[in-house]
Amino acid sequence: MSLLNQTGSVIAMNVRSIPQRLWMSLATVGSIALVVAVLLGFLALANGFNQTLKGSGAPDVAIALRDGSGSELNSVVSREQIDLLGQGPGVRAGPDGRPLISAELVLIVDGIKKSTATKANMPLRGIGPNGLLVRPQAKITQGRMFAPGSNEIVVGAGLLREFSGFELGKTLRFGAQTWKVVGVFEAPGTVFESELWADAPVIQSLFNRGSTFQTARVGLTSPAAMPAFVKYVKDEQRLQLKAQSEQTYFADQAERSGLLIKYFGWPLGIIMAIGALAGALNTMYASVSSRAAEIATLRVIGFSGFSAFIGTMVEALVLSALGALVGVAICAMGFNGLSASTLGAGFTQVAFRLQIGPDIITQAVTLALIIGLIGGIFPGLRASQQRPLLALAT
Amino acid sequence: MSALIQLKNVKKTYKRGKESITIFDGLNLTIEQGDFVAIMGPSGSGKTTLLNLLGGTDRSDSGEINFDGERIDGYNEGQLAGWRARSVGFIFQFYNLMPVLNAAQNVELPLMLTKLSAGKRRANVETALKIVGLWDRAKHRPKELSGGQQQRVAIARAIVSDPKFLLCDEPTGDLDRNTANDILGTLQQLNQEMGKTIVMVTHDPEAARFAKRTLHLDKGVFAEVTQ
Amino acid sequence: MTDFDLVWKNLFRKPLRTILLTVSIFMAFLIFGILTSLNVALDRASESGSASNRLVVSNKINFTQSMPYAYVNRVAAIPGVTAVTYQNWFGAYYQDQRTSRFVGFAVDPETYMAIFRDEARLTDAERQAFLTERTGVIVGKSLADRYGWKVGQTIPISSNIYSQANGRRSWDMKISGIFTGAKPTDPTTAIYFHYDYMNETITFERDQVGTITVVTASPDQNDQVAKAIDANFANSPAETSTVDEKTFSRAFLKQAGDLNFIVTMVVSAAFAAILMIVSTTLVSAMRERTKEIGVMKTLGFSSPRVLRMVLGEAVLLSSLGAVLGLGTSAFILTGLSKSPVGSSFGDLSMSPVVALSGLALAVSLGLVTGAIPALSALRMSIIEALNRG
Ligand SMILES: Nc1ncnc2c1ncn2[C@@H]1O[C@H](COP(=O)(O)OP(=O)(O)O)[C@@H](O)[C@H]1O
Ligand SMILES: [Mg+2]
């Protein structure tokens, strides 16, 4: 019999013997599934958050902040600076023929996080007519847009999902003023969905902001125009602002969320994986010792030690692959698309959905297969060293 | 001599599915204090079942089992366990030593059921192992002993708590002639010098010769062959 | 030989198997020890320095919105209020905005130190210096250690919010004192400096205060006083929201995410996994020993005693893994406490409550995983056991 045939039939014997150790094998599958599910849960959490941030930035929109301020909250931009920005190279013209610049300001108001019933920071963003033009993803889906000059608010669908207090039609009080929620907008997969929008001049006057803004979003003619515009802002002494593409701005923020995964998700996944590996090793050693006589008999007949090794190896890999499959299924059905929220870089809540993707599935499955591989190697070596004579002794 | 054990009109059936097989019906047996009885008979004749009834490890359906003037067939599980610990020593065909314990520890096992002090226990273990001639192997694990040696350790275990009554189920069934004779000699010695009452099941007529008398069991009925 | 010796010897019958099981259990308790302690530390951090008779007044819109300075005196006049102080979040950092941010508040030194004298402990000389030096700052011991600051030194503290009229965004501050916490383990990663010094130099938000801390005559009056304060400012441009200190900091911490929930999920998953691994392995391990159990029973060991030994073995196994796991996590936590990130949580070390609940968990894990083999040992009849294998 060729080595290939030998190995093939030993693998078949191994796999067919799994039901003899049904409960231990199921425990191995189950524990690997839980490892995969936990790791995948964290990866999906971070992935969802990252995708939301990355999905928010356009390559042809520049965002200008006060030089040195890390976030919108700490930035100040004046009317004069905004006019100067409009004179930069590559600035697209809006429908009114003037430079497409959305001057915005953000302040934080309280909402109630549904999951914990505690107060949470919501961004209330003042925008002008250009606000929607630099965010083509955003569409009013219920009610209507706020009327300029009025105390009206539109609310993002993501915010509505995670927080209470801003339902359509609701009247709110901020200080002495009352506001009315007149519309709901969707901007799927972006941070904007976690915001409240109102008319910028109204916010400026009701919240004593004078005529200052915090950021300017500048529409450019194309992504290629970005470097020249960024350089213009940097070199223009009167500006004292820093411009960058919206895409870079959000990508930087996404980078920080990687920490959760690096310092939390992976270490936990690996610790659990070692625990599951110990279980897998036990199961595979039990498999080898329960089949000691069988393996020894095969060796007497002339099967090689290698085929015994591969047989054990494949059994371990089959179990871990099953575990990975179950783990991915748990995640896909249990977590994928689940809504969550956390404090983002702007000190306000960002609502997002857990998102499973091919790359993170690959990572989790790889971990499972590594468990199977290591869990198979050592018992496999023991199987391959099984002496032919033992069968006659027992 | 007084009767140590007395079976009166004992009935024993096993249920296998819907069928029930009667092993004994109206079995009577008296074993005197200090007797050494060999029980022979074809396979399946009920020898082991009888030992189980005598040792209180199985229950009869009806009839009386008396030990030293007391009915033990009415004991509950806990009482039976206590009685076995005090009064019966068991020797099995395959020794049944605990693989994780060494010889001395195996012998000490029944003493865990007594209130003896540690020092007294050690002394008893030593005595028992010396009786079977294995004191020098006290620290060996069963795996490191031959079959005959293992059976000697098992005998030491059976006598360490000084029970009156020893039950042996084919104690030499797994041993060669010479070793078997050694073991049987030891049993005989225990009977003659220490007054242990012994019931031994065996297939081997040679082995039966060591006993004071032999009973033949066939289809649940005894035929006595006195030597 | 005792029952324990016997249990111990049986436990290590197949050393590799036992070691592997211990590793599984170890990992689960490592996760339990670390995550639960982090959770406890976070909870405690939200409570540390919060007294039951203190309230926090903030702008009702959100605590990042400020209130007029005049509110301080109006709050002080409300019945039931025995002391007030106020503070502004400064967005403080030292030299590098990305890597060296810390908690920095502009405060009114006299009233602040009267209320928080225990939370920020200073020598009398240091306190006196802080009161008199207009540019004085008191810095926490951890921060002083991290940056090598000394009393008397002048350091530039920058703000990511405010800037000075001259365009500078950093303020030169002279270190009046280095404070320690009420307990040695409390976090001391903050700085406090004069509100007036900041207020006179900033370009916007002048004469505004961030939050006002109120001391009430007694905790039973908290609700009443809080209502009175909020009623006082109702219908004004800056309405207030007054809650006790603990509620205030809890709500703030909850914003990051529901750590409680994540910890519960992960710990449950880890335990579900070892529960499966350990109980199935124990079942198969006990099955190998059926005959031995039959022999023990024949010798006269009672069924309850055998049950106790089997359960004892399972409990011993899980306790072994648990003690190692909890011990290792305590060790890791101690190390983490000393790291810059960990030190901001304050005392990360494992609390007795966590350790004890870990041990309780270990015992229950042992009982659950041992239950099936123990029950089958209890029920097993001697003849059946001896006939097997
Ligand atoms: N636990 C049991 N259940 C059912 N039948 C049994 C059981 N134990 C023994 N028997 C039956 O009882 C009969 C006597 O068995 P046993 O006492 O072991 O015989 P011996 O030891 O003489 O060979 C046999 O037919 C056997 O099949
Ligand atoms: Mg028999």
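Residues numbered from 1 in each chain as written. Chains lettered and ligands numbered in written order. Predicted model: local features only at pLDDT ≥ 70, side-chain atom pairs only at ≥ 80, totals over all residues. Heavy atoms only, no water.

**Q** Is there a simple way to explain the overall build of chain B in this structure?
**A** When its secondary structure is counted, chain B shows 7 helices and 10 strands. Dimensions of chain B, computed from C-alpha atoms along their principal axes, come out at roughly 50 × 40 × 40 Å. Counting across all 227 residues of chain B, residues that qualify as buried make up 55%. Taking all contacts inside chain B whose residues are at least 6 apart in sequence as the whole, residues at least 24 apart take part in 70%. When the accessible surface of chain B is summed, it comes to about 10,200 Å², and 47% of that surface belongs to carbon and sulfur atoms. (Helix = DSSP H or I, 4+ residues; strand = E, 2+ residues; numbered from the N terminus. Buried < 20%, exposed > 50% of the residue type's maximum accessible area, 1.4 Å probe, protein only. Contact = heavy atoms within 4.5 Å. Areas by Shrake-Rupley, 256 points an atom, 1.4 Å probe, with all protein chains shown as cover.)

**Q** How should I be thinking about the interface of chain C and chain B in this particular structure?
**A** Taken residue by residue, the interface counts 22 residues in chain C and 21 residues in chain B. Counting each side, the surface lost to burial between chain C and chain B is near 2,000 Å², with a carbon and sulfur contribution of 70%. The largest per-residue losses of area from chain C upon contact with chain B belong to M1, L299 and I383 of chain C, which jointly make up 34% of the total buried on that side. On inspection of chain C and its partner chain B, the count reaches 0 salt bridges. (Buried area = accessible area lost by both parts, 1.4 Å probe. Salt bridge = Lys/Arg side-chain N within 4 Å of Asp/Glu carboxyl O.)

**Q** What's the story with the site of ligand 1 in this structure? I'm lost.
**A** Residue and element names in this part refer to chain B. The environment of ligand 1 is formed by Y14, R16, I23, P42, S43, G44, S45, G46, K47, T48 and T49. The separation between an oxygen atom of ligand 1 and a polar side-chain atom of R16 is 3.1 Å. Of all the secondary structure elements, the ones that give two or more residues to the shell around ligand 1 are β1 (3-16) and α1 (47-54). Residue composition of the shell around ligand 1, grouped by class: 3 nonpolar, 6 polar and 2 charged. (Near = heavy atom within 4 Å. Polar contact = N/O pair within 3.5 Å; in protein donor to acceptor, adjacent residues only side chain to side chain. Nonpolar A, V, L, I, M, F, W, Y, C, P; charged D, E, K, R; others polar.)

**Q** I'm lost on the sheet that holds strand β5 (residues 70-71) of chain B in this one. Help?
**A** Strand pairing within a sheet occurs via backbone hydrogen bonds; the two strands may be parallel or antiparallel. All names here are of chain B. Reading across the sheet, the 4 strands line up as β2-β1-β4-β5 and stay open at both edges, with antiparallel pairing between neighbours. Sheet topology places β2 (19-32) and β5 at the edges, where each strand pairs with a single neighbour. Bridging between strand β4 (residues 62-67) and β5 involves 2 bridges; their strand directions are antiparallel. Note that in β5 the partner of N66 across the bridge is R71. Each of β1, β2 and β4 is contacted by α1, which is oriented at about 120 degrees to β1, the strand it contacts most. (Pairing = 2+ DSSP bridges. Axes fitted to C-alpha atoms, helices over the stretch in contact; angles between N-to-C directions.)

**Q** Before we go on, may I ask you to explain the packing of helix α1 (residues 3-11) of chain C against helix α12 (residues 303-338) of chain C in this structure?
**A** The geometry of a pair of packed helices is captured by two quantities: the angle between their axes and the separation between those axes. Residue and element names in this part refer to chain C. Where α1 meets α12, the axes come as close as 9 Å, and the angle between the chain directions of the two elements is 60 degrees. Classified by the angle between their axes, α1 and α12 sit oblique to one another. Two packed elements cross with a definite hand, and for α1 against α12 that hand is right-handed. Between α1 and α12, the contacting residues are D3, F4, L6, V7, W8, N10 and L11 on the first element and R305, M309, G312, E313, L316, L317 and L320 on the second. The residue makeup of the contact of α1 with α12, split by class, is 9 nonpolar, 2 polar and 3 charged. (Parallel < 35°, antiparallel > 145°, perpendicular 65-115°, else oblique. Left-handed = near helix turned anticlockwise from the far one by under 90°.)

**Q** Would you mind going over the arrangement of the chains with me for this structure?
**A** Across the 2 pairs of chains that are in contact, the largest number of contacts falls between chains A and C. If you take every C-alpha in chain A and every C-alpha in chain B, the smallest gap between them is 14 Å, and the two do not touch.

**Q** Got a minute to help me understand the pattern of salt bridges in this structure?
**A** Pairs can form between side chains of opposite charge whenever their charged atoms are close. Residue and element names in this part refer to chain A. Enumeration over the complete set of coordinates arrives at 45 salt bridges over all chains. Notably, a salt bridge pairs E104 with R125, separated by 2.8 Å at the nearest N-O pair. Of this pair, E104 sits in strand β2 (residues 101-113) while R125 sits in strand β3 (residues 118-127), placing them 21 residues apart in sequence. Judged on exposure class, the residue E104 and its partner R125 are both buried. In the salt-bridge network here, residues are joined through shared partners; they are E72, E104, R125, R135, E195, R217 and E246.

**Q** Would you mind going over the sheet that holds strand β4 (residues 92-93) of chain C with me for this structure?
**A** All names here are of chain C. The strand order across the open sheet formed by 10 strands is β4-β7-β8-β6-β9-β5-β3-β11-β1-β12, and the pairing between neighbours is mixed. Here the strands that pair on one side only, and so sit at the sheet edges, are β4 and β12 (240-244). When strand β7 (residues 154-159) meets strand β8 (residues 170-179), the two strands line up antiparallel, connected through 5 bridges. Residue pairing in the sheet places T154 in a bridge with K174 of β8. Along the sheet, helix α5 (residues 124-132) contacts β6 (136-140), β8 and β9 (190-194); its crossing angle with β8, the most-contacted strand, is approximately 155 degrees.

**Q** Would you explain the packing of aromatic side chains in this entry?
**A** We describe a pair of aromatic rings using the distance from one ring centre to the other and the angle between the two ring planes. Residues and elements named next belong to chain C. Scanning the entire structure with this criterion turns up 35 aromatic pairs over all chains. Ring centres of F29 and F32 lie 6.3 Å apart, and the angle between their planes is 65 degrees; on these two criteria the pair is classed as edge-to-face. With F29 and F32 both in helix α2 (residues 15-47), this residue pair falls 3 residues apart, about one helical turn. Pair check on accessibility: F29 and F32 agree, each one buried. Considering the side-chain rings of F90 and W171, the 5.2 Å spacing of their centres and the 70 degrees angle between planes classify their relative orientation as edge-to-face. With F90 in the loop between β3 (81-89) and β4 and W171 in strand β8, this residue pair connects regions lying 81 residues apart in the sequence. (Phe/Tyr/Trp six-rings, centres within 6.5 Å; stacked < 30°, edge-to-face > 60°.)

**Q** I tried to follow the interface of chain A and chain C on my own but got confused; where do I start?
**A** Often, the extent of an interface is quoted as the loss of accessible area on bringing the components together. Opposite the 48 residues of chain A that make contact, chain C presents 46 residues. Contact between chain A and chain C buries roughly 4,000 Å² in total, counting both sides, with carbon and sulfur atoms accounting for 63%. Across the contact surface, chain A and chain C share 1 salt bridge. R173 of chain A serves as the salt-bridge partner of E239 of chain C, at 3.0 Å between the closest nitrogen and oxygen. Applying the counting criterion to the chain A and chain C interface returns 11 residue pairs in polar contact (both at pLDDT 80 or more). Where the side of chain A that touches chain C is concerned, the elements lending two or more residues are α2 (22-56), β2, β3, β7 (171-174), α8 (246-290) and β12 (339-343) of chain A. A per-element tally of the side of chain A that touches chain C places α8 of chain A first, with 13 residues.

**Q** Mind showing me how you'd approach a nonpolar patch on the surface here?
**A** Residue and element names in this part refer to chain A. There is a patch of nonpolar side chains on the surface, built from V15, V318, L322, L325, V326 and I330 and spanning about 440 Å² of accessible area. By the secondary structure assignment, L322 is in helix α10 (residues 305-334). Taking relative accessible area as the criterion, L322 reaches 41% and is therefore assigned partly exposed. (Patch = residues over 30% accessible without salt bridge, like charges linked within 9 Å, V, L, I, M, F, W, Y side chains within 5 Å.)

**Q** How should the nonpolar core be read in this particular structure?
**A** Within soluble globular proteins, side chains that are nonpolar generally end up buried alongside one another. If you look at the biggest cluster of nonpolar residues, it comprises 145 residues, and the most contacted ones within it are L7, L50, L54, L109 and F165 of chain B together with F29 and I31 of chain C. Aside from chain neighbours lying at most four places away, what touches L54 of chain B is I5, L7, I72, W83, F165, L167 and V199 of chain B. Listed in part, the 46 residues of the second largest apolar core include I153, I203, F207 and A216 of chain A. (Core = buried A, V, L, I, M, F, W, Y, C linked by side-chain atoms within 4.5 Å.)

**Q** How should I be thinking about the pairing of strand β8 (residues 197-201) of chain B in this particular structure?
**A** Moving residue by residue along a regular strand, the side chains alternate between the two faces of the sheet. All names here are of chain B. When you tally the buried positions in β8, you get 5 out of 5 residues, the bulk of the element. Covered by surrounding structure in β8 are T197, V199 and V201 together with I198 and M200, the residues of both alternating faces. When strand β3 (residues 36-40) meets β8, the two strands line up parallel, connected through 4 bridges. Paired with I39 across the strands is V201, a residue of β8. Bridge analysis of strand β7 (residues 165-169) against β8 gives 5 bridges, and the strand direction is parallel. For D169, the partnering residue across the bridge sits in β8 and is V201. Read from β7 through helix α6 (residues 177-194) to β8, the crossover connection turns out right-handed. (Right-handed = clockwise from strand over helix to strand, strands pointing away.)

**Q** Even after reading the chapter, I still don't get the environment of V29 of chain A, so can you show me in this structure?
**A** Residues and elements named next belong to chain A. Relative to the helices and strands, V29 resides in helix α2. For V29, a relative accessible area of 10% gives the class buried. The spacing of V29 and E72 is 43 residues in sequence and 48 Å in space, taken between C-alpha atoms.

**Q** Is there a simple way to think about the confidence of the model for chain C in this case?
**A** Low-pLDDT stretches of the model should not have their predicted coordinates read in fine detail. Residue-level pLDDT values for chain C average 88, and 96% of them are 70 or greater. For this predicted complex, the interface confidence reaches an ipTM of 0.92, while the overall pTM sits at 0.84. (pLDDT = per-residue confidence, 0-100.)

**Q** Could you clarify how one ought to interpret the packing of α12 of chain C against helix α14 (residues 352-379) of chain C in this entry?
**A** Residue and element names in this part refer to chain C. Direction vectors running N to C along α12 and α14 enclose 145 degrees, while the axes themselves pass 7 Å from each other. The element α12 and its partner α14 pack so that their crossing is right-handed. Its residues assigned to classes, the contact of α12 with α14 shows 22 nonpolar, 7 polar and no charged.

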